[in-house]
Amino acid sequence: MIPNLPDYARLIKDRVGLHFDNAMEALLESALSRRMAEQEISNYYEYYERLRISQDEFDSFVTLITINETYFFRESDTLDLICDKWVPRLLQQRSGPVRILSAGCSSGEEAYSLAIKLHEKYQNGMAQQVEIYGCDIDPVILAKARNACYSSYSFRGVEPLIQQRYFTRTGNLFRLHDEIREKVSFHRTNIIKEQLLPEVDIILLRNVSIYFDTPTRRELHGNLLKMLQPQGALFFGNAETLANNFDILKLEQEEGIFYFCHHREAPKVAPVPRVAVRVPLPRAPVVCEPPAPTVLQCDDWLKKARACLDEKCFSEAEACIACVLRNDPRNQEALLIQGVIALEQREFSQTAGNAQKILAQDEWSAEAKMLLGLAMMWQHQTQQAIAWFKQVVYQEPGYWPAHYYLAEMYRQSELRQPAQRTYRVVMQLLNDEMNNPATVCRLRLPMVFPGNTFRFLCEHQLAQFAHQNG
């Protein structure tokens, strides 16, 4: 056990904003053990002082705790919107080049994906029309980004023709052609506290903010606001959007993609569905009914529905839920149970529809997000499932079923290290549940996840990984 682990966590949060909750402490402990062994330091207090006073040592340590999981054309629908709609629109408004910043750029795949797509669109004229920048806190990963040599791991989902056109194979690596590599400029920046450059038109900060706590994300929004052009847009990852809606920037959507922009001069686009759904609808009959009898009756029907669901009597459970929804169409527990029934019967559109109705009332409903993750998973929509499970994990870090299914999705996507790491988190949470059942995180999801079975599955998958690693 590390006696001064909270001191390390505070130092890292103050310097770079990373927040280590219970689910992330294992990563911090592992990094400390590794780096201290390399430096031949056995005393945790001594190493803390070294980390505090030496910027070089802190830089080396940051490399071990930043999670650099990325690949080319990740969440490609967002890249399509930027390259096909936003860049042409901004170029029509003025003569100067469009500035794009890939913040938390890791090893550069996102920035280079934009460069490739825009080169496909504008060819040699791109240099005069678009400027692309990447920034990250990790100096080691930035060196990799500038070198632009990648393993096949970075190309899952990339069209072979694109890979052949823009990369040259050298042994087991693929080197990006200089004509694209030179179009991106990489810089070391702490995006929470520092402003890399003014007047940025488009900022991407995808799959980064999930590692920050709420106060840090608010501070981040304030800093990005200073960099963003009045007509610009800020894009987070699919799993992060709702958790970043602080009203510092205005949430908008276009073609189903969410982004943030300035309040005053926001582009005129379709209204956000969450806001539209909340427009009051006539519900006078529900309001006017005597509340006490209705509530009691609904509770009875809900209890009966849950009992029928436990017995797999789906038609009976559905009939009970119909009685509740006739009186209260917005009853979240009834919608949740109905969504689970639909999931069990493989009626995934019904499941997703119910989950979205719940989110329209409560955007932080982890139960609804878990339902969406399961629906996406069972339809083999792996990336969408990962996005929803990540949201659940972010909101409820102690809920091990979400961690388990996230690990499964990582494994199916051949993301070996994240999968192994997440399976270990599940094991730790299951151990915690066994030792102290009172601390277990339980969502109101009417589904049973037998711990012993999932423990066995985690052990099996970790053993498989160990065997493959030789």
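Keep in mind that what you see is a predicted model, and the values were worked out from it rather than measured.

**Student:** Which parts of the structure should I look at to understand the environment of P329?
**Tutor:** Relative to the elements of secondary structure, P329 occurs in the loop between α15 (314-327) and α16 (332-344). With 28 residues separating them along the chain, P329 and K357 place their C-alpha atoms 9.9 Å apart.

**Student:** Explanation requested: unusual backbone geometry in the structure shown.
**Tutor:** Negative phi characterises most residues that are not glycine, and trans characterises most peptide bonds. Positive phi, close to 60°, is recorded for A148, a residue that is not glycine. Topologically, A148 is positioned in the loop between α8 (139-147) and β3 (149-150). Positive phi, close to 60°, is recorded for E414, a residue that is not glycine. Examined against the element boundaries, E414 turns out to sit in the loop between α20 (400-412) and α21 (416-435).

**Student:** Help me understand the pattern of salt bridges, please; the structure alone is not making it clear to me.
**Tutor:** On inspection of all chains with the given rule, the structure shows 17 salt bridges. Residue E75 is joined to R206 by a salt bridge in which the shortest nitrogen-to-oxygen separation is 3.7 Å. One end of the pair, E75, is in the loop between α4 (55-65) and α5 (76-93); the other, R206, is in the loop between β7 (200-205) and α11 (214-227), and 131 residues separate them in sequence. By the burial criterion, E75 is buried, and R206 matches it. In this structure, the salt-bridge partner of R411 is E408, at a minimum N-O distance of 3.0 Å. Of this pair, R411 and E408 are both found in helix α20, three residues apart, which corresponds to roughly one turn of the helix. According to the relative accessible area criterion, E408 is buried, its value standing at 11%. One network of salt bridges, with partners in common, ties together R34, R35, E38 and E57.

**Student:** Sorry if this is basic, but what is going on with the sheet that holds β3 here?
**Tutor:** For sheets, the rule is that strands pair by backbone hydrogen bonds, running either parallel or antiparallel. The three strands lie next to each other as β3-β5-β4, forming an open sheet whose pairing is antiparallel. Every interior strand has two partners, whereas the edge strands, β3 and β4 (167-170), have only one. In terms of strand pairing, β4 meets strand β5 (residues 173-176) through four bridges, oriented antiparallel. Among the inter-strand pairings, R169 is bridged to a residue of β5, identified as F174.

**Student:** How should I be thinking about the pairing of β5 in this particular structure?
**Tutor:** Every second residue of β5 is oriented toward a common face, the buried set being F174 and L176 and the non-buried set L173 and R175. Here β3 pairs with β5 via two bridges, running antiparallel. Directly across from C149, in β5, lies its bridge partner R175. Once β4 ends, the chain turns through two residues before running back antiparallel as β5, passing G171 with a positive phi of about 65°.

**Student:** Which parts of the structure should I look at to understand helix α18 (residues 366-378)?
**Tutor:** Along an α-helix, residues three or four apart share an orientation, since each turn contains 3.6 residues. Along its 13 residues, α18 runs 18 Å from first to last C-alpha, staying within 8% of the 18 Å computed at 1.5 Å per residue. Summarising burial for α18: twelve of the 13 residues are buried, a large majority. Those residues of α18 that sit buried are A366, E367, A368, K369, M370, L371, L372, G373, L374, A375, M376 and M377. Contacts from the buried residues of α18 go to α16, α17 (348-361), α19 (382-395) and α20.

**Student:** What's the story with the pairing of strand β2 (residues 130-136) in this structure? I'm lost.
**Tutor:** Regular strands place their side chains on alternate faces of the sheet. Most of β2 sits inside the fold, with six of its seven residues counted as buried. Here strand β1 (residues 98-103) pairs with β2 via six bridges, running parallel. Bridge assignment links I100 to a residue of β2, and that residue is I132. Pairing between β2 and strand β6 (residues 184-188): five bridges, direction parallel. In the strand pairing of β6, D136 is matched with R188.

**Student:** Looking at this structure, I do not really get α15. What am I missing?
**Tutor:** With 14 residues, α15 should cover 20 Å at 1.5 Å per step; its first-to-last C-alpha distance of 21 Å lies within 8% of that length. Of the residues making up α15, those classed as buried are F314, A317, C320, I321, C323, V324, L325 and N327.

**Student:** What should I look at first to understand the environment of Y8 in this one?
**Tutor:** Checked against the element boundaries, Y8 lands in helix α1 (residues 5-16). Those residues in contact with Y8 that sit more than four places away from it in its chain are I2, L28, L32, Y44, Y47, Y48 and L51.

**Student:** Quick question: what am I supposed to make of the packing of helix α2 (residues 25-38) against α4 here?
**Tutor:** A packed helix pair is summarised by two numbers, namely the angle formed by the two axes and the spacing between the axes. Packing of α2 against α4 brings their axes to within 9 Å, and their N-to-C directions diverge by 135°. Classified by the angle between their axes, α2 and α4 sit oblique to one another. Note that α2 runs across α4; the crossing there is right-handed. Taken together, the residues of α4 that come into contact with α2 (itself represented by L27, L28, A31, L32, R34 and R35) are E57, S60, F61, L64 and I65. For the contact of α2 with α4, the per-class residue count stands at seven nonpolar, one polar and three charged.

About the thresholds
- Residues take numbers from 1 onward in each chain, read along the sequence in its written order.
- Only residues with pLDDT of at least 70 get local features here, since the model is predicted, and only at 80 or more are side-chain atom pairs given and counted; chain-wide, interface and lining totals rely on the full set of residues.
- Hydrogen atoms and water are omitted, and side-chain values are computed over all heavy atoms in the structure.
- To qualify as a helix, a DSSP run of H or I must reach at least 4 residues; to qualify as a strand, a run of E must reach at least 2; elements of each kind are numbered from the N terminus.
- Take a side-chain nitrogen of Lys or Arg and a carboxyl oxygen of Asp or Glu: if they are within 4 Å of each other, that pair is a salt bridge.
- Throughout this description, buried means an accessible area under 20% of the type-specific maximum (1.4 Å probe, protein chains only), exposed means over 50%, and partly exposed covers the range between.
- DSSP calls a pair of strands paired once it identifies at least 2 bridges connecting them.
- Multiply 1.5 Å by the residue count of a helix minus one, and that product is the helix's expected span.
- Residue contacts are defined here by distance: any two heavy atoms, one from each residue, within 4.5 Å place the two residues in contact.
- Lines fitted to C-alpha atoms define the axes, with helix axes restricted to the stretch in contact, and inter-axis angles between N-to-C directions lie between 0 and 180 degrees.
- We call two directions roughly parallel when the angle between them is under 35 degrees, roughly antiparallel when it is over 145, roughly perpendicular when it lies between 65 and 115, and oblique otherwise.
- If you view the pair so one helix is near and one far, a crossing is left-handed when the near helix is turned anticlockwise from the far one by less than a right angle, and right-handed when it is turned clockwise.
- Amino acid classes used here: Ala, Val, Leu, Ile, Met, Phe, Trp, Tyr, Cys and Pro are nonpolar; Asp, Glu, Lys and Arg are charged; the rest, including Gly, are polar.

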